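# Report on the structure
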Amino acid sequence: MSCACKNPFNHDLATENTPMVNVQIDGEWVQVPKGMNIVAAAERFSKFIPHYCYHPKLSVVGNCRMCLVEMGTPKMDANRQPILAADGKPEIGWMPRPQIGCATQVSEGMGIRTNSPLVQECRKGVMEFLLINHPLDCPICDQAGECKLQEYSFEHGQSNSRFIEEKVTKPKNVDIGERIVLDDERCIMCSRCIRFSKEFAQDDVLGFTQRGSHTTLAVYPGKRLDNNYSLNTVDICPVGALTSKDFRFKMRVWFLKETKSICTGCSTGCNVLIGSRESEVHRLTPRENEEVNSLWMCDQGRLGFHEIHDENRLTTPLIHGVKSDWNTAITQLAHQLQGFKPEQIAIIASARMTNEELFLLSGLRKALGGESILCDIISRTGVADGILRSADLNPNTHGAQLLGIANSGKLEEIRSGVTKGSIQALLIFNETPGEAGISLESLKKTALVVNLGMRLNGLAHYNLPSSSFAEKRGTMINGKGRLQRLNRALSAPGQSRDDWEIIRDLKAAVGGGNGIHTVEEAFKAMANVVPAFKDLTIHKVGDLGIDLTLSNSLV
Amino acid sequence: MSCEVKVSKEFESKVDETITHYPVSKRSASLPLLHLWQEEFGYVSNQGVEWIAAKLDLQPINVYELVTFYPMFREQPAGKIQFRVCRTLSCALAGGYELFDHLKKNCKIEGDGHHGPAVSPEGKYSIEFVECLASCGTGPVLMVNDDFYEQVSNDKANELVKKYG
Amino acid sequence: MAIAETRLIFKHIDSPGYTNDIDCYLKNGGYSTLRKAITMKTAEIITEVKTSGLRGRGGAGFPTGVKWGFIDPTKNTKPVYLICNADESEPGTFKDRQIIHKDPHQLIEGMIISCFANNVKLAYLYIRGEFPEGAKILERACNEARAKNFLGKNILGTGYDLEIYIHRGAGAYICGEETGLIESLEGKRAYPRIKPPYFPAVLGLYMSPTIVNNVETLCNIIHVLQMGGANFAKLGKPNNTGTRVLCVSGDVVKPGYYEFEVGALTLGQLIYEVCGGIKNGKKLKAIIPGGSSAKVLKAGERYKIKQKQADGTMIDVDLALEDIPMDFDTMAAVGSMAGSGGVIVMDETRSMPECLANISEFYAHESCGQCTPCREGSLWMKKITTRIRDGKATVEDVGVLKNVADNIAGRTICAFGEACSWPVQSFVTKFKEEFETVAGNGAKK
Ligand SMILES: Cc1cc2nc3c(=O)[nH]c(=O)nc-3n(C[C@H](O)[C@H](O)[C@H](O)COP(=O)(O)O)c2cc1C
Ligand code: SF4
Ligand code: SF4
Ligand code: SF4
Ligand code: FES
Ligand code: FES
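Being a predicted model, the structure only gives us computed values, none of them experimental.

### Details of the interface of chain A and chain B
Listed as interface residues are 14 residues of chain A and, on the opposing side, 14 residues of chain B. When chain A packs against chain B, close to 1,200 Å² is buried across both sides, 57% of that on carbon and sulfur atoms. Interface area lost by chain A to chain B is led by A:Asp204, A:Arg211 and A:Tyr220, which between them contribute 49%. Our enumeration of links across chain A and chain B arrives at 0 salt bridges. Counting across the interface, chain A meets chain B through 6 residue pairs in polar contact (both at pLDDT 80 or more). For the side of chain A that touches chain B, the elements supplying multiple residues, two or more each, are strand E9 (206–209) and strand E10 (216–219) of chain A. With 4 residues, the top contributor of residues to the side of chain A that touches chain B is E9(A). For the side of chain A that touches chain B, the residue count by class is 7 nonpolar, 3 polar and 4 charged.

### A closer look at the confidence of the model for chain C
Mean pLDDT over chain C works out to 96, with 99% of the residues at or above the 70 mark. Prediction confidence for the complex, expressed as pTM and ipTM, is 0.96 and 0.97 respectively.

### Let's talk about the sheet that holds strand E15 (residues 318–319) of chain A
Note: strands within a sheet are paired through backbone hydrogen bonds, in either parallel or antiparallel orientation. Residues and elements named next belong to chain A. Pairing in this open sheet of 7 strands is mixed, and the strands run E16-E15-E21-E20-E19-E17-E18 from one edge to the other. Two strands close off the open sheet at either side, each with one partner strand: strand E16 (322–323) and strand E18 (374–377). Where strand E17 (residues 345–349) meets E18, 4 bridges bridge the pair, whose relative direction is parallel. Bridge assignment links alanine 346 to a residue of E18, and that residue is leucine 374. Docked against the sheet, helix H7 (residues 326–337) engages E15, E17, strand E19 (425–429), strand E20 (448–453) and strand E21 (462–465), running at close to 135° with respect to E21. Against the sheet, helix H10 (residues 410–420) touches E17, E18 and E19, its axis set at about 120° to E18.

### Some details on the side chain of A:Arg179
Residue and element names in this part refer to chain A. Among the structural elements, arginine 179 can be located in the loop between strand E7 (174–175) and strand E8 (180–182). Given a relative accessible area of 18%, arginine 179 falls into the buried group. There is a polar contact of 3.0 Å between the side chain of arginine 179 and the backbone oxygen of aspartate 226. Non-local contacts of arginine 179, meaning those with residues more than four positions away in its chain, are made with Asp226, Asn227, Asn228, Ser230, Leu231, Thr243, Ser244, Lys245, Asp299 and Leu303.

### Some remarks on the interface of chain C and chain B
Note: interface size is frequently given as the accessible area lost on complex formation between the parts. On the chain B side, the residues contacting the 54 residues of chain C number 40 residues. Together, the buried faces of chain C and chain B total about 3,800 Å²; carbon and sulfur atoms form 60% of this surface. Broken down residue by residue, the surface that chain C buries against chain B is led by C:Ala170, C:Arg189 and C:Asn358, which jointly contribute 17%. Put simply, chain C and chain B have 2 salt bridges between them. In this structure, C:Glu361 engages B:Arg87 in a salt bridge whose closest nitrogen and oxygen atoms are separated by 3.4 Å. Scanning the region where chain C abuts chain B turns up 19 residue pairs in polar contact (both at pLDDT 80 or more). Among the secondary structure elements, those contributing two or more residues to the side of chain C that touches chain B are strand E2 (122–127), strand E3 (163–168), helix H8 (178–185), strand E7 (243–250), strand E13 (342–347) and helix H14 (352–366) of chain C. Per element, the largest residue contribution to the side of chain C that touches chain B is 7 residues, and it comes from H14(C). Here the residues of the side of chain C that touches chain B are counted per class, giving 28 nonpolar, 13 polar and 13 charged.

Parameters and conventions
Residues numbered from 1 in each chain as written. Chains lettered and ligands numbered in written order. Predicted model: local features only at pLDDT ≥ 70, side-chain atom pairs only at ≥ 80, totals over all residues. Heavy atoms only, no water. Contact = heavy atoms within 4.5 Å. Buried area = accessible area lost by both parts, 1.4 Å probe. Salt bridge = Lys/Arg side-chain N within 4 Å of Asp/Glu carboxyl O. Polar contact = N/O pair within 3.5 Å; in protein donor to acceptor, adjacent residues only side chain to side chain. Helix = DSSP H or I, 4+ residues; strand = E, 2+ residues; numbered from the N terminus. Nonpolar A, V, L, I, M, F, W, Y, C, P; charged D, E, K, R; others polar. pLDDT = per-residue confidence, 0-100. Pairing = 2+ DSSP bridges. Axes fitted to C-alpha atoms, helices over the stretch in contact; angles between N-to-C directions. Buried < 20%, exposed > 50% of the residue type's maximum accessible area, 1.4 Å probe, protein only.

Structure follows, in structure tokens:
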């Protein structure tokens, strides 16, 4: 298996035709792909070999020495044939010196001991070395709870310190980038961040200065760790040396609830964990998906969640700027809409909406008059960076196309219709008229303007508060045709509702109900009529998504 | 990063010639270029780092990593007359520490000079301890600038201060 | 002097009237071996080197012919590089400096022959930064050799091209470690590489097969070819062939460099006969026999070892310190190493904690800092030894010190880990009482 994103290395993945070899791990013979390193191979059998510098996606440097294991190769007889033990398995000649697991590749008949007394002693020794010059500021360290130093020292270290010398002092609180702060005293010099920046982010900006115990991670004076992937260094730093300014001191990680979802910042659809507590999202972190983003995400995507907590967020339904309630708003709006001819109505929807929302929207459109109602999305393009970010900044363009909501060229017609006054009712879903190129004057002339979304539109006659990506469940199709799932991490604030519910209710008020009570049912209804989703359910989409180009015919 | 520093034609041609010694990878010329820069300007400033990085298509951090790793490169000027006294065992057995202290006093240098030059107030002399200079049979040894001296007694040290001073 | 030196490598060094220019070298038969070598098949040269049993003089004593044999020209499509390791930085070692300053053409000729034998077209001579004079001498020697067509294009009409460049280090001991040297030569911090996979013979300079040899080793190549591998192997002892330049420093009457057949004399003969005994009529206390990384030997120690006889059988022998023959295998058998040939002698007045504190400071300063045990442990050991020396320590500290060393050796990226912990382990074990006494009182000055 190879990774869809351009990792410099994939030590944890074996290519399809890799032969298997027999290896003895802690006394048990198992089969592992030939040439895989011992750390990755052992992990396949739930043997966790502690490590700091090794990272499955970066070059191997073997500098932390935490992954030392005992290793042996089959004893050979005079004819260079393995000598077999009583159980018919090769007899192993153990090497007297421990070897690093991360740089040792498995071969036929190899023996590995991941937890022998010698191995335990090695780990204890390395842990002690790592801690002697480490500041004891866990109580104020953001990494606490996710710190591998803390974790391994608990499991593999010794309780009392024999170190009574003065510690080496190094720079603390170094501002090395727009989004990152460095504490050199906490750094264990594993060089993961340096390798990541150079090998993955293609920004060779970090380096070590000084030497020996005084080795110091640094940027060159005047240069900054500002690339769009910088925050991944915070994730891979095994200790609290690199911290995110955005997340710093805000929350203890163990209080966070983590919800599996996807980023909606562009059509790559990086898999994420939404870290939230009660009604607040505190961070997004990448979630492994080798078919999409591997272990990474871009900073823009990661920090995009802040609009959720915008203090001006729309949270109450408004009719002509006056607070209302959902029942009134939906009934009145439905009534008003029925007063327009289909040709007078237009829908501007968003490719940032889920498939379920878009599907229900197409139902609403049908109920209001079908094809004669102009309908389109607003496309957004940026620049693909050759790493993760796609040129298409909409996360669900494929879905919008598939469900008949994106109709190329129609936005232009809507715009002129509004300007000419031929369009009298304009429904805008999760977009702004400005972005659609519709002027304020023409909007003012429009008889009915409906705005559904998180932001208030001052000129809309109806403002319907809906949910952010973190507040909803549903599916999207990324740029490569992969169907992926969003999950709700928190509930929407105030009276805000799920988009699909609002659309469903509006549709019901206009043209009768459809018996859809959950988003799962919305998906099911969609799967019944859209061939690309045939036989699928939201459940089946799973945490890692489904490639629709393989399983179903995606147009 | 802009490199407005002006270097002489001769310097630049020496640099260009040196780079030809490394047909496989220009980066290999980093150390030689740092030596050339330090010989020319006395120490390696940030300007020097940036100039060399630009010359070799490297990031400044790539060069700065070297300046701080290799003890012979200085980020600040040393004295006009630099003493580098061997600190290591054989010389220490032969009186290397005493020689160091003697020279320090003689040149009125404060500061400890343990790896990294301590400079006399008027900037004329600097002294530092260095590790084994591969002449352990004739300790204590020292270098004055690029010149090497063996079996340096206090008297001989006084002469050297005079000779170079 | 009771025992005569066998000067092969140092034949001309310090002989009256001998200068380091090419004319003098040619007058003394220089470059005639190169002329002979280019008439030989490269495989023949490698066979001669294998037959000679020559072992590397850089410290590890690895057989040179075997090292060259790792490079398989039939399987290999990348260029092969050769690097001469002239970083000579192991405390107590001062032989390569002499060759470079006084007989540079011997080194250049040895290098050219070795390059020819391994089909090397581009070679580097990595010389430590603190030899500015040496670098100039070698530059000049290369230019002289180039002018005479021993170097450059179409060497002596053979069609063989070779360039050698002099590359200066900048004061880091770790550049002597061959993979650290390679990184340094690539323009990086001299971080030694992990082996596997980065064995120089496979993934060396620019990820191509690379031979790294010490200055003295490369000079020996000339003599191997001159006298033939089999004759060379008659010098010294089986598996410990040729001559060895021994560098003696510390508390002896006549410190200096001496060249002997390997194992031809004992440590006692070297110190008492060759070097005139301990200075000022004092008594011997300790000897570091192979550069400061080698484990210390204590006066009065006896060693029970197995010794190989001429007929191949092994016998048990009981050796006194003075009776140890100066060869690779015996030095290893007594628990130390012949290493780089640097012998440091300490007399009875020397404080062992003080000596060890000095050595530990060296290693703390020179650790590249790449891997955890050495980076953290080397400085920790320096801090403890310094406290012991100053009498600001306890008996427990001595135990901790030893244990810290135990946690480094065998667990690091490069052999610097052993280099820094062996002195500690051996000093502390062998002079335990002194360390424990001094810990609370300080070293007497
Ligand atoms: C810490 C360390 C320092 C070393 N320093 C030197 C040195 O200064 N000169 C040298 O020739 N070899 C040195 N070596 C040995 C080299 O790594 C390498 O084995 C040697 O250059 C090979 O040459 P040879 O086979 O001719 O001995 C050092 C090794 C270590 C581990
Ligand atoms: S900052 Fe973190 S990732 Fe970077 S070298 Fe230090 S410990 Fe490793
Ligand atoms: S690349 Fe796109 S999907 Fe991935 S994190 Fe960035 S914005 Fe989000
Ligand atoms: S053992 Fe020491 S010198 Fe060698 S790589 Fe590790 S830190 Fe560097
Ligand atoms: S994980 Fe293997 S040495 Fe760091
Ligand atoms: S100890 Fe001073 S030159 Fe070696």
